[in-house]
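An overview of the molecular structure
One-letter residues, chain by chain:
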Amino acid sequence: MFFHGTSKVNDKGHLEIGGVDTVKLASKYGTPVYIYDVELIRRRARGFKKMFEENNMKAQVAYASKAFSSVAMIQLVEEEGLSLDVVSGGELYTAIRADFPVERIHFHGNNKSREELEMALSYNIGCIVIDNFHEMNLLEEVALSMNKRVDVLLRITPGIEAHTHDYILTGQEDSKFGFDLQNGQAEEALKIALNSQHIHLLGFHCHIGSQIFEPTGFILATQKIFTKLKTWSQEYDYESEVLNLGGGFGIRYTEEDEPLAPETYVEEIIKEVKKQTSHHGMTLPEIWIEPGRSLVGDAGTTIYQIGSSKDVPTVRKYLAIDGGMSDNIRPALYQAQYEAVLANRVLDEIEEKVSIAGKCCESGDMLIWDLPLPKAGNNDLLAVFCTGAYGYSMANNYNRIPRPPVVFVEDGEDRLVIKRESFEDMARLDLPLKNKVNQ
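Residues numbered from 1 in each chain as written. Predicted model: local features only at pLDDT ≥ 70, side-chain atom pairs only at ≥ 80, totals over all residues. Heavy atoms only, no water.

**Regarding the overall build of the protein chain**
- Counting secondary structure elements, the protein chain contains 12 helices and 24 strands.
- Whereas a compact globule of 439 residues would reach a radius of gyration of roughly 22 Å, the protein chain reaches 23 Å, a difference of no more than 12%.
- Each principal axis of the C-alpha distribution contributes one length, and for the protein chain these read about 70 × 60 × 40 Å.
- In the protein chain, which comprises 439 residues, the proportion classed as buried is 55%.
- Excluding contacts between residues fewer than 6 apart, the proportion of contacts in the protein chain whose partners are at least 24 apart in sequence is 70%.
- By element, 47% of the accessible surface of the protein chain is carried by carbon and sulfur atoms, the whole surface being about 19900 Å².
- On the protein chain, the mean spot of the 45 positive side-chain charges and the mean spot of the 65 negative ones are 4 Å from each other. (Helix = DSSP H or I, 4+ residues; strand = E, 2+ residues; numbered from the N terminus. Rg over C-alpha atoms; globule rule 2.2 N^0.38 Å. Buried < 20%, exposed > 50% of the residue type's maximum accessible area, 1.4 Å probe, protein only. Contact = heavy atoms within 4.5 Å. Areas by Shrake-Rupley, 256 points an atom, 1.4 Å probe, with all protein chains shown as cover. Lys, Arg positive; Asp, Glu negative; His and termini not counted. Charge placed at Lys NZ, Arg CZ, Asp CG, Glu CD.)

**Some words on helix α3 (residues 71–79)**
- Within α3, the full set of buried residues consists of A72, M73, I74, L76 and V77.
- One or two positions beyond α3, positive phi appears at G81, with a value near 75°.

**Regarding the pairing of strand β16 (residues 286–289)**
- Judged by which residues are buried, β16 turns out to be covered on both faces: E286 and W288 on one side and I287 and I289 on the other are all buried.
- Looking at chain direction, strand β5 (residues 59–64) and β16 are connected through three bridges and run parallel. What sits directly across from A59, in β16, is I287.
- Summarising the sheet, strand β15 (residues 242–244) and β16 pair through three bridges and their orientation is parallel. Looking at the pairing, N244 lines up with W288 of β16.
- Where the polypeptide runs from β15 across helix α9 (residues 262–280) and back to β16, its parallel neighbour, the crossover connection is right-handed. (Pairing = 2+ DSSP bridges. Right-handed = clockwise from strand over helix to strand, strands pointing away.)

**Remarks on the sheet that holds strand β3 (residues 20–21)**
- Ordered by their spatial adjacency, three strands build an open sheet running β1-β2-β3, and the pairing between neighbours is antiparallel. The sheet is open, and its two borders are formed by β1 (8–9) and β3, each paired with just one other strand.
- With two bridges connecting them, β1 and strand β2 (residues 15–17) associate as antiparallel partners. Across the sheet, residue V9 finds its bridge partner in β2, namely L15.

**Details of empty space enclosed by the protein**
- Applying the stated criterion across every chain, the model contains one cavity of 30 Å³ or more.
- By volume, the largest cavity is sized at about 40 Å³.
- Forming the boundary of the largest cavity are H4, S7, I17, D37, D298, A299, T301 and F385. (1 Å grid on protein atoms, 1.4 Å probe; cavity = no way out; pocket = protein on both sides within 12 Å on 5 of 7 lines; lining within 4 Å. Points joined across faces, edges and corners; volume = space filled by probe spheres on them.)

**Some words on the environment of P405**
- Along the polypeptide, P405 turns up in the loop between β22 (381–385) and β23 (406–410).
- Note on P405: relative accessible area 2%, which makes it buried.
- Sequence separation between P405 and P32 is 373 residues; the distance between their C-alpha atoms is 7.7 Å.
- When sequence neighbours within four positions are dropped, the list of residues in contact with P405 reads Y29, P32, V33, Y34, L416, I418, K419 and R420.

**Observations regarding the pairing of strand β4 (residues 33–37)**
- The buried count for β4 comes to five of five residues, which makes it a mostly enclosed element.
- Bridge count for β4 against strand β17 (residues 300–312) is four bridges, and the pairing is antiparallel. Residue Y34 lies in a different strand from β17, and its bridge partner there is T302.
- Relative to β23, β4 runs parallel, the two sharing four bridges. Counterpart to D37 in the pairing with β23 is V409.

**Overview of the side chain of E272**
- Within the secondary structure, E272 sits in helix α9.
- In terms of polar contacts, E272 uses its side chain to reach the side chain of Q223, at 3.3 Å.
- Ignoring any residue separated from it by four or fewer positions in sequence, one finds E272 in contact with I219, T222 and Q223. (Polar contact = N/O pair within 3.5 Å; in protein donor to acceptor, adjacent residues only side chain to side chain.)

**Quick notes on unusual backbone geometry**
- The linkage connecting T31 with the following residue, P32, adopts the cis geometry, with an omega of -5°.
- Within the secondary structure, P32 is located in the loop between α1 (22–29) and β4.
- Backbone geometry places N379, a non-glycine residue, at a positive phi of 85°.
- Tracing the sequence through the fold places N379 in the loop between β21 (366–373) and β22.

Put into structure tokens, the structure is as follows:
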């Protein structure tokens, strides 16, 4: 049994997070409910920053808010002195609502609209990461019309694709993101940016994958990028002020996962960037990284109530919970795997393997297959670990199921940061077929 962060078993045999009994949280807020371990988020944020500070490196650690965005979460990010990565007008709006410092906001995305770019420029955000030629032309038009000069990074695909332990040197060329480093697109984008009156090119950005458990991919990407940077320094007299190596740092979902500490990734990145700048005789750039999942993923736990069950003799036993793909679509979307325990009976003896079914009207709404559990029944509470990234942010109203609330816990205190959605909330934007509705 593996516990993340402050999670532990209390004297009642209940799962406790942040000094708060999850059984009490389920009673207070209902189920399903997302619970976030704030101390673990703070610990991770400080771990990423630590190595940069110890090496006296100019750097920004930007939280990739697509993992989980809310006003309270963004305010927590600000408390820890991080920057912020947004990928839509909605995420930018949330940051503005949270009063996040605009100069530390970076705007990503492969199809930003004119309205989103106008919004970003009107708030004078810190940086826009340009993804393609269409966006570059559109940003030039918007900046011209608003008489603005904007700092940008060019997103490039360096030809490194990292799938945990498997590094493929050419696979990333076929990507919907970025300017390819090998076929001349990145160089063409560089020339356009350098000739622009309204775009100031800070440097370059790349992202090589997700759930990465070794630093090798970051090292290879850094090497390939610096080879090009040296050429561009000689041909265009341009040196990159910023090198953003993205995120993708892995977390432990199950016992097969063996992630490194945040400090280890950062230490290896710093070493390689210093090595390359020294080798090529270039100026050391400011390093940016973008952890998302690795900040909040294993800090999140979802508590469900078990309802119905179904035995299929000699095949399997199903236990149904009061949530599913509406609050965690990852298992149905790409076979994500999780571990779980009974929150109200953590120490009880394991007696059987069960499969956890969601309540949505889809055969594919299965949360966990073959989960070892004590013999569980109606009203037991199931705690599913590591749901902090892409749980709430990908939650939906399939079958008109309301989205669960989000609760932060820290130092024995719990705080509701997102209310449970109501039926009225879901119907609020609906319009009648005729000018008459039931009262």
